[in-house]
Amino acid sequence: MGLFKKKDKEKRLHKEIDIQKEIKKAEKEDESLWIKCSSCQELLYRKEVERNLDVCPKCSYHFPISVEKRIALVFDSGSFSELYTKIEPIDFLKFKDTKSYRTRLIETRESTRRNDAVVCGTGRIEGIEVLSAIFDFSFMGGSLGSVVGEKITRLLEEGRDRKRPVIVFCASGGARMQEGIMSLMQMSKVSGAIYQLKSARVPYLTVLTDPTLGGVSASIAMLGDVIIGEPKAMIGFAGPRVIKETIKEELPQGFQRAEYLLEHGMIDFISPRKELKQRLHNLLSLIAL
């Protein structure tokens with residue numbers, strides 16, 4: 001007989017899922033129980049993806065996430081405080097396509113409960129205070145308009161004055177066509193503010209998520225002291241379909257994905273979502289003033 005006897009481990013019963021109840025709940029909330037991965041095309045159970053930090057369990061594709069989820073993932077609990085909440089876009093060109101720009105703004109504000117496509121604020125990452133801008137792709141494709149440019153410029157200027165690192169989480173389809181040349185001018189405006197921030201020797205970091213395209217990739221995203229990509233994020237200026245139709249040639253496998261850009265020296269490293277906070281903290285510990 002042995003001197004020690006191991007206690008039998010309690011058997012944990014798996015929680016049974018009432019599929020009919022889940023279906024009714026999904027119908028009530030107007031969402032599907034299933035989600036299709038944009039990378040591997042697998043049909044996935046939505047709750048399983050959400051439990052995995054909105055990462056595909058099959059191929060590790062990182063789905064776009066909301067601003068609120070990004071804040072909860074990266075910043076210390078309760079430390080994020082939003083800035084510049086009163087700035088709102090206006091339809092100064094009286095632009096109209098199938099709808100007027102004014103109507104689109106009203107509808108998008110109601111659906112997203114947000115004034116524009118970027119949220120700026122101050123927060124802490126493992127105790128280190130930073131200033132941050134987080135793009136919201138659900139607001140008109142995270143497009144770069146006059147208000148987005150103004151808010152990010154103010155954030156960069158505050159980072160310069162307060163000697164605080166600035167981190168921008170990019171997710172955008174490019175410039176906002178409804179604001180014409182005013183949206184394109186934001187590229188130069190923000191780039192100038194980034195130059196001033198760097199001249200003051202304050203760190204500027206960018207995190208490129210899926211997708212980061214157009215004017216945002218050509219200015220804000222690619223000017224970071226350290227450029228970080230999420231796995232399989234699409235990053236580029238024009239989309240691959242447009243490029244293929246323009247040059248009339250087949251594109252390389254994985255073209256414009258984060259892994260391709262890392263291989264060709266366009267970004268510094270790729271970080272899985274669950275490791276991002278710790279990696280940002282490690283970087284800031286080395287380079288923050």
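Everything quoted here is computed from the prediction, not taken from an experiment. Residues take numbers from 1 onward in each chain, read along the sequence in its written order. Where totals are concerned, whole chains, interfaces and linings use all residues; where local detail is concerned, this predicted model gives features only for residues with pLDDT of at least 70, and gives and counts side-chain atom pairs only at 80 or more. No hydrogens and no water enter the side-chain calculation; it runs on all heavy atoms of the structure.

**Some words on the pattern of salt bridges**
Logical step 1: Throughout this description, the term salt bridge denotes a Lys or Arg side-chain nitrogen within 4 Å of a carboxyl oxygen of Asp or Glu. The tally for this structure, following the rule as stated, stands at 22 salt bridges.
Logical step 2: Between D97 and R104 there is a salt bridge, with its nearest N and O atoms 2.5 Å apart.
Logical step 3: Working definition: with a 1.4 Å probe on protein chains only, accessible area under 20% of the residue-type maximum means buried, over 50% means exposed, and in between means partly exposed. What makes D97 partly exposed here is its relative accessible area of 32%.
Logical step 4: Taking the relative accessible area as the measure of exposure, R104 reaches 23% and is therefore partly exposed.
Logical step 5: Look at the salt bridges and you will find they share partners, linking E129, E158, R162 and R164 into a network.

**Describing the pairing of strand 7 (residues 204-212)**
Logical step 1: The buried fraction of strand 7 amounts to nine of the nine residues, a majority that puts the element mostly inside the structure.
Logical step 2: Note: two strands are recorded as paired if DSSP finds a minimum of 2 bridges between them. Each helix is a run of H or I in the DSSP string that is no shorter than four residues. Each strand is a run of E no shorter than two, and both are numbered from the N terminus. Bridge count for strand 6 (residues 166-172) against strand 7 is six bridges, and the pairing is parallel. Residue pairing for strand 7: V166 is matched across the bridge by Y204.
Logical step 3: Chirality of the crossover, the property in question, places the unit of strand 6, helix 6 (residues 181-199) and strand 7 among those that are right-handed.
Logical step 4: Judged from the four bridges that link them, strand 7 and strand 8 (residues 226-229) form a sheet pairing that is parallel. Opposite L205, over in strand 8, you have V226 as the bridge partner. For the handedness criterion, the strands are oriented away from the viewer, and a crossover whose path from the first strand over the helix to the second runs clockwise is classed as right-handed.

**Examining the sheet that holds strand 7**
Logical step 1: What the seven strands build is an open sheet, ordered 3-4-5-6-7-8-9; its pairing is mixed. Every interior strand has two partners, whereas the edge strands, strand 3 (81-83) and strand 9 (269-270), have only one.
Logical step 2: Relative to strand 5 (residues 128-135), strand 4 (residues 118-125) runs antiparallel, the two sharing eight bridges. Of the residues in strand 5, the one forming a bridge with T122 is L131.

**Side note on empty space enclosed by the protein**
Logical step 1: Only protein atoms enter the 1 Å grid, on which a cavity is a set of points fitting a 1.4 Å probe that cannot get out and a pocket is an open set with protein on both sides within 12 Å along at least 5 of 7 lines, lining residues being those with an atom within 4 Å of a point. Grid points are joined across faces, edges and corners, and a volume is the space filled by probe spheres set on the points. Counted by the stated rule, this structure contains one cavity of 30 Å³ or more.
Logical step 2: In this structure, the largest cavity spans a volume of roughly 100 Å³.
Logical step 3: Around the largest cavity, the lining is made up of 13 residues, and of these I65, R70, F135, A171 and T209 lie nearest the centre.
Logical step 4: Mapped onto the lining of the largest cavity, the elements with two or more residues apiece are strand 5, strand 6 and strand 7.
Logical step 5: With three residues, the single largest contributor to the lining of the largest cavity is strand 6.
Logical step 6: Three categories are distinguished: nonpolar for Ala, Val, Leu, Ile, Met, Phe, Trp, Tyr, Cys and Pro, charged for Asp, Glu, Lys and Arg, and polar for the others, with Gly belonging to the last. For the lining of the largest cavity, the class distribution of residues is eight nonpolar, two polar and three charged.

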